[in-house]
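# Structural overview for review
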Amino acid sequence: MTKLRIAGGQVLRPDASVERADVLVDSESGDIAAVGDPDEVPEGDETLDAEDGLVMPGLVNAHTHAAMTLLRGYADDKELDAWLQEDIWPVEAEFTPEDVRAGTELGLLEMIRSGTTAFADMYFHEEEVVEAVEDAGLRARLGYGIVTVGKDEEGAREDCEQSLEVAREFDGAADGRVKTAFMPHSLTTVGEEYLREFVPEAREDGIALHYHANETTDEVDPIVEEEGQRPLDYARELDMTDESDFVAHGVHLDSTEIDLLAETGTSVVHCPASNMKLASGMAPVQKLLDAGVTVGLGTDGTASNNDLDVFDEMRDAAMVGKLAENDASAVPAESVVRMATEGSASALGFDSGRIEEGANADLAVVDLDAAHLTPHHDLVSHLVYAARGSDVRHTLCDGAVLMRDREVLTLDAEAVRERAERRAAAAVERAE
Ligand SMILES: CSC[C@H]1O[C@@H](n2cnc3c(O)ncnc32)[C@H](O)[C@@H]1O
Ligand SMILES: [Zn+2]
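Residues numbered from 1 in each chain as written. Chains lettered and ligands numbered in written order. Predicted model: local features only at pLDDT ≥ 70, side-chain atom pairs only at ≥ 80, totals over all residues. Heavy atoms only, no water.

The name given to the protein in an unreviewed UniProt entry is 5-methylthioadenosine/S-adenosylhomocysteine deaminase, and the organism recorded there is Halorussus caseinilyticus. Of the protein, the UniProt comment under Function (unreviewed entry) reads exactly: "Catalyzes the deamination of 5-methylthioadenosine and S-adenosyl-L-homocysteine into 5-methylthioinosine and S-inosyl-L-homocysteine, respectively. Is also able to deaminate adenosine." For the protein, the Sequence similarities (unreviewed entry) comment in UniProt is given as "Belongs to the metallo-dependent hydrolases superfamily. MTA/SAH deaminase family." (UniProt positions renumbered as here; feature names shortened; annotations may be inferred.)

This is the structure we're talking about:
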């Protein structure tokens with residue numbers, strides 16, 4: 001079977017208009033072969049029913065730590081630094097490759113079930129993440145997260161080398177669905193000497209960078225004090241603000257840093273739920289958009305969210321964006337959908353996030369015949385303010401159907417849940 005016709009639905013187009021259309025997917029190339037009037041789209045070898053549904057680009061979660069599903073609900077209601085140091089990092093230190101595999105698979109299951117087709121992952125034992133992504137059929141940009149604080153020189157250098165190795169080894173894996181990046185955890189958890197030595201190595205090989213930046217004031221103030229400059233000026237001096245790079249959070253940004261991001265083409269991944277839950281602050285999203293910065297959307301890990309549902313994230317982004325600006329017209333629904341699709345895809349360097357001939361066939365079909373999605377005044381509004389991940393009927397990535405009529409075809413949901421439950425309990429027991 002080479003051509004799959006998604007028939008009978010309405011389609012969300014790149015200009016945010018919605019029209020009655022069919023989509024023809026080339027399952028071999030993994031691309032969208034045609035989209036348009038049902039009378040003009042060629043017949044397919046097989047049909048996927050989109051009646052009473054909206055065909056939209058698959059959502060792109062541009063910042064997460066997928067295996068942290070094992071820590072969902074383990075430690076809540078604390079601010080970032082204490083939460084990481086006292087609760088999260090001690091258990092993560094106990095995680096084996098098998099734990100990371102189990103946690104990642106649970107994350108992938110949740111993503112497929114809520115219409116997410118691509119994500120960025122920063123974690124460790126990434127070889128397990130690559131295999132899980134390959135089997136589950138998703139698309140990912142992933143990397144090994146470096147932390148040098150608290151490590152001796154040998155350990156710190158090993159971490160940096162490991163991150164470069166993962167970036168080099170796995171780029172292009174899973175038939176090209178996996179891309180990689182060099183991933184220093186943040187500008188305060190990786191020592192300057194290591195950034196000065198290893199970032200140029202990544203650059204030489206054309207490897208993109210992904211890191212947490214300006215998430216809390218505790219992260220900004222020491223850099224201002226010690227370096228005498230704002231964190232993103234410091235990052236720019238270290239050659240960490242290329243147009244292939246994407247930073248997570250970007251909460252405490254001043255106007256000069258917003259200009260710097262726009263000028264360099266560095267993308268920002270907004271993580272509203274995590275920023276609210278950890279009381280990190282409110283990101284200046286409307287100002288970033290006004291300055292022309294590419295903004296994507298991410299959930300962060302499920303210990304600070306506590307789910308991977310990008311529909312939830314879109315709602316949070318719109319709500320908190322208005323609150324931050326004290327303006328109900330700020331961060332409107334159309335901008336938010338763009339962030340979660342084209343914005344995130346562009347930050348990750350993927351040719352997806354829009355329904356257009358030639359783009360990756362990464363798609364979700366949302367059921368519209370639900371009480372909470374009635375009436376149909378404005379379907380873009382519904383995607384942001386009313387829909388949930390559980391409204392997704394089918395999920396496709398790279399032209400392959402990953403979920404059909406809410407049945408995930410690439411993972412055994414029961415086995416994944418059972419394994420994650422068992423491994424989470426054992427890791428916590430070892431740590432306590
Ligand atoms: C070294 S791998 C990535 C590392 O990041 C930790 N993490 C999870 N959420 C956050 C966040 O909001 N800010 C900073 N770091 C975070 C995670 O626990 C992993 O250890
Ligand atoms: Zn994070």
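## So, a negative patch on the surface
A grouping of Asp152, Glu153, Glu154, Glu158, Glu161, Glu165, Glu169 and Glu193 is seen on the molecular surface, where their side chains present a negatively charged patch. Tracing the chain through its elements places Glu161 in helix α4 (residues 153-170). (Patch = residues over 30% accessible without salt bridge, like charges linked within 9 Å, V, L, I, M, F, W, Y side chains within 5 Å. Areas by Shrake-Rupley, 256 points an atom, 1.4 Å probe, with all protein chains shown as cover. Salt bridge = Lys/Arg side-chain N within 4 Å of Asp/Glu carboxyl O. Lys, Arg positive; Asp, Glu negative; His and termini not counted. Charge placed at Lys NZ, Arg CZ, Asp CG, Glu CD. Helix = DSSP H or I, 4+ residues; strand = E, 2+ residues; numbered from the N terminus.)

## Things to note about the layout of surface pockets
Its boundaries defined by the atoms lining it, the largest pocket holds a volume of some 990 Å³. In terms of lining, the largest pocket is formed by 43 residues, of which the most central are Leu84, Trp89, Glu92, Val147 and His185. Of the residues forming the lining of the largest pocket, the biggest block, seven residues, is contributed by helix α1 (residues 80-92). Of the residues in the lining of the largest pocket, the class split is 17 nonpolar, 16 polar and 10 charged. (1 Å grid on protein atoms, 1.4 Å probe; cavity = no way out; pocket = protein on both sides within 12 Å on 5 of 7 lines; lining within 4 Å. Points joined across faces, edges and corners; volume = space filled by probe spheres on them. Nonpolar A, V, L, I, M, F, W, Y, C, P; charged D, E, K, R; others polar.)

## Overview of the UniProt feature "domain: Amidohydrolase-related" (unreviewed entry) in the protein
As recorded in UniProt, the sites labelled "domain: Amidohydrolase-related" (unreviewed entry) are residues 54-401. Structurally, residues 54-401 is divided into 43% helix and 17% strand, and its ends, taken at the C-alpha atoms, are 16 Å apart.

## Overview of the coordination of the zinc ion (ligand 2)
Around a metal, the ideal angle is 109.5 degrees if four donors adopt a tetrahedral arrangement and 90 or 180 degrees if six donors adopt an octahedral arrangement. Surrounding the zinc ion (ligand 2) are the protein donor atoms His63 (NE2), His65 (NE2), His212 (NE2) and Asp300 (OD), which sit 2.0 to 2.3 Å from the metal. Considering all four donor atoms around the zinc ion (ligand 2), angles at the metal cover 87 to 160° and the coordination shape is irregular. Assessed through its relative accessible area of 9%, His65 is described here as buried. Classification of Asp300 as buried rests on a relative accessible area of 5%. (Donors = N, O, S within 2.8 Å, 3.2 Å for Na, K, Ca; no water. Tetrahedral: all angles 85-135°; square planar, octahedral: opposite > 155°, others 65-115°. Buried < 20%, exposed > 50% of the residue type's maximum accessible area, 1.4 Å probe, protein only.)

## Topic: the pattern of salt bridges
A complete count under the given rule lists 40 salt bridges for this structure. One salt bridge connects Arg72 with Glu110, and the closest N-O pair in it is separated by 3.0 Å. Linking Arg72 in the loop between β8 (59-64) and α1 with Glu110 in helix α2 (residues 97-113), this pair joins segments that are 38 residues apart in sequence. What makes Arg72 partly exposed here is its relative accessible area of 32%. Connected through shared salt-bridge partners, Arg101, Glu105, Glu128, Glu131, Asp135 and Arg419 make up one network.

## Quick notes on the pairing of strand β14 (residues 246-249)
Both strand β13 (residues 210-213) and β14 contribute to a ladder of four bridges, which runs parallel. Within the sheet, the bridge partner assigned to His210 lies in β14 and is Phe246. Direction of pairing for β14 relative to strand β15 (residues 267-270): parallel, over a ladder of three bridges. Each residue of the ladder has a partner; that of Val247, found in β15, is Val268. (Pairing = 2+ DSSP bridges.)

## Here we look at the site of ligand 1
The environment of ligand 1 is made up of 19 residues, and the closest members are Trp89, Glu92, His185, Glu215 and Asp300. At a separation of 2.9 Å, an oxygen atom of ligand 1 approaches a polar side-chain atom of Trp89. Take His185: an N or O atom from its side chain is 2.7 Å from a nitrogen atom of ligand 1. Contact with the protein chains removes 97% of the 450 Å² of surface that ligand 1 exposes when unbound. In a pocket analysis with a 2 Å cut-off to the grid points, ligand 1 is assigned to the largest pocket. Broken down by secondary-structure element, the contributors of at least two residues to the shell around ligand 1 are α1 and β9 (116-123). For the shell around ligand 1, the element with the most residues is α1, which contributes six residues. (Near = heavy atom within 4 Å. Polar contact = N/O pair within 3.5 Å; in protein donor to acceptor, adjacent residues only side chain to side chain. Sits in = over half its atoms within 2 Å of the grid points.)

## Observations concerning helix α14 (residues 413-431)
Compared with an ideal rise of 1.5 Å per residue, which puts 19 residues at 27 Å, α14 spans 27 Å between its outermost C-alpha atoms and is within 8% of the ideal. Contacts from the buried residues of α14 go to α1 and α2. (Expected span 1.5 Å × (residues − 1). Contact = heavy atoms within 4.5 Å.)

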